[in-house]
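Results of the structural survey
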Amino acid sequence: MLDLVHFVHIAGATVFVGSVVFFDWAVGGALARMTPEARKSAAHAIRPFSGPIIMGSLAVTLLAGIARLFLSGAVTGWADLFSGYAGRAILALVIVIASEGLAAPFRKHMRAGIDTLDDSAFLLWWKRYRSLNALVLAAVLLLMVSMRLGW
Ligand code: HEM
């Protein structure tokens, strides 16, 4: 069971991290080179796909991560939740949830820049959104690897 859940966690994390990087850097970079009118229609065509891929893989990653934590045997009582191992997993969960709250206004401004054909607003908020996501991904992956390596 532990192996299966670990696989699902890593598979979910691979799709999540990969799609965030792809949409933020490749799709965002392509949108940045378009005229505001072309960007608006491309962004509207992409949105129904990007949301489910990113949010769906994030949900799978988080649910499997929480299950993985309990199946690891590292948490047998409340006190274990404050151990270095579980503490890092919980910190990762808090960072991801808090960053979703933080990123929501960034995303809103970016989308408003697209919809109002405001080139500079789109560029400003896309770059901020991209940087925030990159920081969150780096922090969470560092925490995950540190759990494995016992730093
Ligand atoms: C987007 C969020 C997350 C990503 C991208 C992610 C990614 C990863 C990766 C790549 C590993 C393998 C690390 C390695 O073997 O070196 C891992 C391991 C693990 N993750 Fe996550 N994870 C995320 C969130 C979480 C959360 C929220 C929890 C639990 C609350 C969690 C629990 C674990 C556990 C228990 C391991 C096993 C660590 C070990 O080898 O002992 N993960 N995760």
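To keep things clear, this report deals only with the structure shown in the data block. (Residues numbered from 1 in each chain as written. Predicted model: local features only at pLDDT ≥ 70, side-chain atom pairs only at ≥ 80, totals over all residues.)

1. Observations regarding the overall build of the protein
Inclusion rule: In DSSP terms, a helix is any run of H or I states spanning at least four residues, a strand is any run of E spanning at least two, and both are numbered starting from the N terminus. Partly exposed residues are those whose C-beta has more than 12 but fewer than 20 other C-beta atoms within 10 Å; 20 or more makes a residue buried and 12 or fewer makes it exposed, with C-beta atoms placed from the backbone. A pair of residues counts as a contact when their C-beta atoms, built from backbone coordinates, are within 7 Å of each other.
Counting its secondary structure elements, the protein contains four helices and zero strands. Ordered by position from the N terminus, the helices and strands of the protein form the series α-α-α-α. Counting only residues that meet the buried cut, the protein has 17% of its 151 residues in that class. A separation of at least 24 residues holds for 70% of the contacts in the protein among residues at least 6 apart in sequence.

2. A short note on the nonpolar core
The cut-off we apply is this: A set of buried residues drawn from Ala, Val, Leu, Ile, Met, Phe, Trp, Tyr and Cys, joined through C-beta atoms within 7 Å, is what defines a nonpolar core.
Leu31, Ala43, Phe106, Met110, Ile114, Phe122, Trp125 and Trp126 form the largest nonpolar core, which has eight residues in total. Elements that contribute at least two residues to this core include exactly helix 3 (84–115) and helix 4 (119–149). Leaving out residues up to four positions away in the same chain, Ile114 has contacts with Arg39, Lys40, Ala43 and Phe122.

3. Remarks on the environment of Asp118
Among the secondary structure elements, Asp118 is positioned in the loop between helix 3 and helix 4. The exposure class assigned to Asp118 is partly exposed, which follows from the 15 C-beta atoms found within 10 Å. Between the C-alpha atom of Asp118 and that of Ala38, which follows or precedes it by 80 residues, the distance is 12 Å.

4. Comments concerning the packing of helix 1 (residues 2–33) against helix 2 (residues 36–71)
We apply this condition: Simply put, an axis is a line fit to the C-alpha atoms, just over the touching stretch for a helix, and the angle between two N-to-C directions goes from 0 to 180 degrees. Should an angle fall under 35 degrees it is taken as roughly parallel, and over 145 as roughly antiparallel, whereas 65 to 115 is taken as roughly perpendicular and any remaining angle as oblique. Each crossing is labelled by how the near helix is turned from the far one, with a counterclockwise turn of less than a right angle marking it left-handed and a clockwise turn marking it right-handed.
Packing of helix 1 against helix 2 leaves a shortest axis separation of 8 Å and a crossing angle of 155°. With respect to each other, helix 1 and helix 2 are oriented roughly antiparallel. Of the two elements, helix 1 crosses helix 2, and the hand of that crossing is left-handed.

5. Some remarks on helix 2
Defined as follows: A helix is expected to span 1.5 Å for every residue after the first. Throughout, the bend at a residue refers to the angle made by two axes, fitted to the seven residues ending there and to the seven starting there.
Counted at 1.5 Å a residue, the expected span for helix 2 with its 36 residues is 52 Å, and the 49 Å between its end C-alpha atoms agrees. In helix 2, a bend of some 40° at Arg47 exceeds every other bend along the element, and Pro48, a proline, comes one to four places later. Tucked into the core, helix 2 has its buried residues touching helix 1, helix 3 and helix 4. Just beyond helix 2, the residue with positive phi is Gly73, at close to 85°.

6. A short note on helix 1
End to end, helix 1 covers 45 Å across 32 residues, agreeing with the expected 46 Å (1.5 Å per residue, within 8%). Along its length, helix 1 shows its largest kink, about 30°, at Phe23. All buried positions along helix 1 are accounted for by His9, Gly12, Ala13, Phe16, Val20, Asp24 and Leu31.

7. With respect to the packing of helix 1 against helix 4
What counts is decided by this rule: Gly is placed with the polar residues, together with every amino acid not listed as nonpolar (Ala, Val, Leu, Ile, Met, Phe, Trp, Tyr, Cys and Pro) or charged (Asp, Glu, Lys and Arg).
For the pair helix 1 and helix 4, the least separation of the axes is 11 Å and the interaxial angle reads 160°. When the interaxial angle is binned, helix 1 and helix 4 end up roughly antiparallel. The crossing of helix 1 and helix 4 is left-handed. Taking contact as the criterion, the partners of Val17, Val20, Asp24, Trp25, Gly28 and Ala32 in helix 1 are, on helix 4, Leu123, Trp126, Arg130, Asn133 and Leu137. Taken together, the residues of the contact of helix 1 with helix 4 break down into seven nonpolar, two polar and two charged.

8. What to know about unusual backbone geometry
The backbone of Leu117 sits at a positive phi, close to 60°, despite the residue not being glycine. Within the fold, Leu117 resides in the loop between helix 3 and helix 4. On the neighbour-count criterion, Leu117 (13 C-beta atoms within 10 Å) is partly exposed.

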